[in-house]
Amino acid sequence: MKRAFPSMHSAAGNFCGHCGEAFDGGNHPPSYAHQRCGERMAMEPPRYCAACGRRMKVQVTPLGWTAECSRHGVVVA
């Protein structure tokens with residue numbers, strides 16, 4: 001299953017794609033910590049699945065990246 005990864009958080013989950021911690025969707029504490037994650041996600045692929053918070057297997061190539069969650073499949077960009 002391949003799908004585009006539109007942002008660091010998916011509609012299906014509540015986890016940060018950069019650090020894997022819970023994300024409440026707002027700009028108020030505890031989300032202040034995730035503002036920095038959002039800045040990093042602009043330049044880096046997600047390291048954690050936004051749906052379940054599991055660490056993903058990430059492969060970066062000159063043309064893009066792929067990230068694979070053992071439970072939710074592959075995301076590409």
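Look up a bit, the structure's there.
Residues numbered from 1 in each chain as written. Predicted model: local features only at pLDDT ≥ 70, side-chain atom pairs only at ≥ 80, totals over all residues. Heavy atoms only, no water.

Chemist: Explanation requested: the overall build of the protein in the structure shown.
Modeler: From N to C terminus, the protein includes 1 helix and 4 strands. Secondary structure of the protein in N-to-C order comes out as β-α-β-β-β. Within the protein, contacts between residues separated by at least 24 positions form 37% of all contacts whose residues are at least 6 apart in sequence. On the protein, roughly 5,100 Å² of surface is accessible, and the fraction owed to carbon and sulfur atoms is 54%. (Helix = DSSP H or I, 4+ residues; strand = E, 2+ residues; numbered from the N terminus. Contact = heavy atoms within 4.5 Å. Areas by Shrake-Rupley, 256 points an atom, 1.4 Å probe, with all protein chains shown as cover.)

Chemist: Can you walk me through the packing of aromatic side chains in this structure?
Modeler: Where two aromatic rings form a pair, the distance of their centres and the angle of their planes describe that pair. Counted according to the given criterion, the structure contains 0 aromatic pairs. Between the NZ or CZ atom of Arg 55 and the centre of the ring of Tyr 48, over which it lies, the distance is 5.1 Å. (Phe/Tyr/Trp six-rings, centres within 6.5 Å; stacked < 30°, edge-to-face > 60°. Lys NZ or Arg CZ within 6 Å of the ring centre and 35° of its normal.)

Chemist: Sorry, what's going on with the nonpolar core here?
Modeler: Soluble globular proteins tend to pack their nonpolar side chains together in the buried interior. In this structure, Cys 49, Met 56, Trp 65, Ala 67, Cys 69 and Val 75 together form the largest nonpolar core, which totals 6 residues. Looking at this core, the element that brings in the most residues is strand β3 (residues 64–69), giving 3 residues. Contacts of Cys 49, omitting those with residues within four sequence positions, involve Phe 15, Arg 54, Met 56, Cys 69 and His 72. (Core = buried A, V, L, I, M, F, W, Y, C linked by side-chain atoms within 4.5 Å. Buried < 20%, exposed > 50% of the residue type's maximum accessible area, 1.4 Å probe, protein only.)

Chemist: Where do I start with the pattern of salt bridges in this structure?
Modeler: Charged atoms that come close allow side chains of opposite charge to pair. Per the stated rule, a full pass over the model turns up 1 salt bridge. For Glu 68, the salt bridge identified is with Lys 57, shortest N-O distance 3.3 Å. Of this pair, Glu 68 sits in strand β3 while Lys 57 sits in strand β2 (residues 57–61), and the two are 11 residues apart along the sequence. Judged by relative accessible area, Glu 68 falls into the partly exposed class, the value being 34%. (Salt bridge = Lys/Arg side-chain N within 4 Å of Asp/Glu carboxyl O.)

Chemist: Please explain the environment of Arg 40 as it appears in this structure.
Modeler: Structurally, Arg 40 is set in helix α1 (residues 32–41). Taking the relative accessible area as the measure of exposure, Arg 40 reaches 37% and is therefore partly exposed. Sequence separation of Arg 40 and His 18 is 22 residues, and the distance between their C-alpha atoms is 7.6 Å.

Chemist: I'm lost on the state of the cysteines in this one. Help?
Modeler: Two cysteines whose sulfur atoms are joined by a covalent bond form what is called a disulfide. Taken as a whole and assessed by the stated rule, the structure comprises 0 disulfides. Cys 52 supplies the cysteine sulfur nearest to Cys 69, a cysteine that is in no disulfide, at a spacing of 3.7 Å. (Disulfide = S-S within 2.5 Å.)

Chemist: Help me out: how do you make sense of the environment of Ala 77 in this one?
Modeler: Structurally, Ala 77 can be placed in the segment after β4 (73–76). Using a relative accessible area of 54% as the deciding quantity, one classes Ala 77 as exposed. Sequence-wise, Ala 77 and Ala 67 are 10 residues apart; in three dimensions their C-alpha atoms are separated by 8.9 Å. Leaving out residues up to four positions away in the same chain, Ala 77 has contacts with Leu 63, Gly 64 and Trp 65.

The quantities given are spatial measurements derived from coordinates; they are silent on function.
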